[in-house]
Amino acid sequence: MAERPRVYKTEGIILRRRNLGEADSIFTVLSAHEGKFDAIAKGVRKTRSRMRGHLEPLTRSRLLLARGRSLDVFTQAETVAPYRAIRDDLERSATAIYCAELADRFTIEHAENPGLYELLLAALEALDGGSPPGAVARYFELHLLSLMGYELQLDACAACRGRLEPVETLLSANAGGLVCERCRAKAGAGRLLGVRAMKVLRYARNVDIGAFGEVRLDQALAKELEGAMAEVISHFLEREPRARRFLEIVAALPGRENALAPGIVESEQGP
Amino acid sequence: MADVAGSTPEPIARLIEEFHRLPGIGPKSAQRLAYHILRVPEREALALAEAIGDVKRRIVLCSTCLNITEADPCLLCQDPRRDRTMVCVVEQPLDILAIERAGSYRGAYHVLHGLLNPMDGIGPEDLHLRELVERVRGGEVVEIIMATNPSLEGEATAMYVQRLLGPAGVRVTRLARGLPSGADLEYADDVTLARALEGRQEI
């Protein structure tokens, strides 16, 4: 093995924190070139730590790390983007935490994945910039699956490659996408999607996150997509993401005085 | 600790195991502590055992503020000089000590015993939020001061409480966030600096 430099620089998004001992924390970082990794920040829980605010979860930071025996150690950290609008809003925080959890759970350590880093970055930028949280979450789920090698087949039947009619169609994670009526019986579990929901998914696949955030989804359609994608995500993850329950709890709260932009996906007036 | 089991008498091995469970105690420290206990006079060792027993037997949670206490309601809740219209919400009992040490707060407290942490699956029902809602329903409380940490989890908890109790007509406030005394401006993060600027005050 070639000798590696003792310190290295990277830029990443802090996904999560776990406390260690009296004043240290272990942070999980997603970076473009180092992939996902854990590293220790010594003394970061002390008030006077110089790195404290720069290593908050859901912050994009420039990092300097020293190679450690088992875990690398943060030596410097500087915020690139703090995403304040996310932090100041419960729906946006909950959605960002959900995306970060998916990015964490779908990846293994030290596997380079610049596409995933770009995707999470785009999702955080969109949430921070006022895109509807529901739309960001759906976009993130769909593109995350593609990046992880589980791209959903949305244009033809995932089982027989036959044409899909513009009627209610089964979305089956097991089959790997939309399944035509003839193949439905053997495709296994899934959710029936209406024609509008199918169109929204295809659109999400083809445009950037900013453009997708402009789409107006009524409450029924947003719920339909949320439920269908939740099932697909749980299938590939082989478990329920923990942050999903929090999203549901937040959605059930009364009032949204803090909402930045009028919720389009979660419009309270309904369709 | 398999190596210990063979060569060490069972009671010592058991004590080492027990120490090893404590936070921050590795196998070597656990061994050192166990052999220390073996050497000290019996009276001293039993005093430790008794202190541990007392903590578990005599300490309960205050039925009003959920602080740890020997008498229910706790001394802070019994104190007639404290302002019961103000409730300062904290994560853990140690936070009350910190605020009391600062000495400028004369209201009541409420301990949540945790913060919302969606990634670890800690939700509202894992915290003592129901009791807080009950207190607010009681009608005496005018202001809730959220004194949770300015971290992602602390902020999420504060916003959640605001959304939960705001509609009930109670004023929900948040501790100011800014620069700690003795800090270096140069190393302050963007969020802290922005908030310090927003919360600036005339000298």
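The structure presented is a predicted model; accordingly, all values stated were derived computationally and were not measured. (Residues numbered from 1 in each chain as written. Chains lettered and ligands numbered in written order. Predicted model: local features only at pLDDT ≥ 70, side-chain atom pairs only at ≥ 80, totals over all residues. Heavy atoms only, no water.)

## With respect to the side chain of Ser234 of chain A
Then, in step 1: Within the secondary structure, Ser234 of chain A sits in helix H8 (residues 219-237).
Then, in step 2: Ignoring anything within four residues of it in the chain, the contact list for Ser234 of chain A reads Arg239, Glu240, Pro241 and Arg244 of chain A. (Helix = DSSP H or I, 4+ residues; strand = E, 2+ residues; numbered from the N terminus. Contact = heavy atoms within 4.5 Å.)

## Describing the domain arrangement of chain B
Then, in step 1: The domain architecture assigned to chain B consists of domain 1 (2-58) and domain 2 (74-174).
Then, in step 2: Look at where the C-alpha atoms of domain 1 of chain B and domain 2 of chain B centre, and you get two points 37 Å apart. (Domains from an automatic or database assignment.)

## As for the sheet that holds strand S2 (residues 24-31) of chain A
Residue and element names in this part refer to chain A.
Then, in step 1: Within the closed barrel, the five strands sit side by side as S1-S2-S3-S5-S4. Their pairing is mixed. Ignoring strand direction, the axes of neighbouring strands in this sheet form an average angle of 50°.
Then, in step 2: One ladder, built from seven bridges, connects strand S1 (residues 7-20) with strand S4 (residues 60-66); its direction is antiparallel. Along S4, the bridge assignment pairs Ile13 with Arg60. (Pairing = 2+ DSSP bridges. Axes fitted to C-alpha atoms, helices over the stretch in contact; angles between N-to-C directions.)

## Re the pairing of strand S3 (residues 83-90) of chain B
All names here are of chain B.
Then, in step 1: Of the strand pairs in this sheet, S3 and strand S4 (residues 107-111) are connected by five bridges, and their pairing is parallel. Bridge pairing in S4 places Val89 opposite His110.
Then, in step 2: Of the crossover connections in this fold, the one passing from S3 over helix H6 (residues 93-102) to the parallel S4 is right-handed.
Then, in step 3: As paired strands, S3 and strand S5 (residues 143-146) are joined by four bridges and run parallel to one another. Following the sheet pairing, Cys88 is matched in S5 by Ile145. (Right-handed = clockwise from strand over helix to strand, strands pointing away.)

## Quick word on the packing of aromatic side chains
Residue and element names in this part refer to chain A.
Then, in step 1: What the rule picks out here adds up to six aromatic pairs over all chains.
Then, in step 2: Here Tyr150 and Phe236 contribute two aromatic rings whose centre-to-centre distance is 4.3 Å and whose plane-to-plane angle is 20°, an arrangement assigned as stacked. In this pair, Tyr150 sits in the loop between helix H4 (133-147) and strand S6 (169-172) while Phe236 sits in helix H8, placing the two residues 86 residues apart along the sequence.
Then, in step 3: One aromatic cluster is present, formed by Phe106, Tyr150 and Phe236 through successive ring pairs. (Phe/Tyr/Trp six-rings, centres within 6.5 Å; stacked < 30°, edge-to-face > 60°.)

## Focus on the nonpolar core
Then, in step 1: Counting residues in each nonpolar core, the largest one holds 95 residues, and the members touching the most others are Phe106, Leu120, Phe140 and Leu152 of chain A together with Ile144 of chain B.
Then, in step 2: Apart from residues lying up to four places away in sequence, Ile144 of chain B is in contact with Val87, Val89, Leu132, Val136, Val161, Leu165, Val170, Arg171, Val172 and Thr173 of chain B.
Then, in step 3: Judged by nonpolar contacts, the second largest core, of 14 residues, contains Tyr8, Val29, Phe37 and Val44 of chain A. (Core = buried A, V, L, I, M, F, W, Y, C linked by side-chain atoms within 4.5 Å. Buried < 20%, exposed > 50% of the residue type's maximum accessible area, 1.4 Å probe, protein only.)

## Notes on the interface of chain B and chain A
Then, in step 1: Across the contact, 32 residues belong to chain B and 36 residues belong to chain A.
Then, in step 2: When chain B packs against chain A, close to 3100 Å² is buried across both sides, 58% of that on carbon and sulfur atoms.
Then, in step 3: Counting the surface chain B buries against chain A, the share from its top three residues, Met119, Leu152 and Arg163 of chain B, is 29%.
Then, in step 4: Linking chain B to chain A there are seven salt bridges.
Then, in step 5: Arg195 of chain B serves as the salt-bridge partner of Asp88 of chain A, at 2.5 Å between the closest nitrogen and oxygen.
Then, in step 6: Linking chain B to chain A there are ten residue pairs in polar contact (both at pLDDT 80 or more).
Then, in step 7: Sorting the residues of the side of chain B that touches chain A by element identifies helix H8 (152-165) and helix H9 (190-198) of chain B as the ones contributing at least two each. (Buried area = accessible area lost by both parts, 1.4 Å probe. Salt bridge = Lys/Arg side-chain N within 4 Å of Asp/Glu carboxyl O. Polar contact = N/O pair within 3.5 Å; in protein donor to acceptor, adjacent residues only side chain to side chain.)

## Re the pairing of S2 of chain A
Residues and elements named next belong to chain A.
Then, in step 1: Most of S2 sits out of view: seven of its eight residues are buried.
Then, in step 2: When S1 meets S2, the two strands line up antiparallel, connected through eight bridges. Within the sheet, the bridge partner assigned to Arg16 lies in S2 and is Thr28.
Then, in step 3: Counting the residues in the hairpin turn of S1 and S2 gives three residues, including Gly21, whose phi is positive at 60°.
Then, in step 4: Of the strand pairs in this sheet, S2 and strand S3 (residues 35-41) are connected by seven bridges, and their pairing is antiparallel. Note on S3: the bridge partner recorded for Ser25 is Ala41.

## Some words on unusual backbone geometry
Then, in step 1: Here the residue pair Asp72 of chain B and Pro73 of chain B is connected by a cis peptide bond, since its omega of 0° sits within 30 degrees of zero.
Then, in step 2: Relative to the helices and strands, Pro73 of chain B is located in the loop between strand S2 (68-69) and helix H5 (75-78).
Then, in step 3: Even without being a glycine, Glu238 of chain A presents a positive backbone phi close to 60°.
Then, in step 4: Positionally, Glu238 of chain A belongs in the loop between H8 and helix H9 (243-251).
Then, in step 5: Although it is not a glycine, Leu66 of chain B adopts a positive phi angle of roughly 65°.

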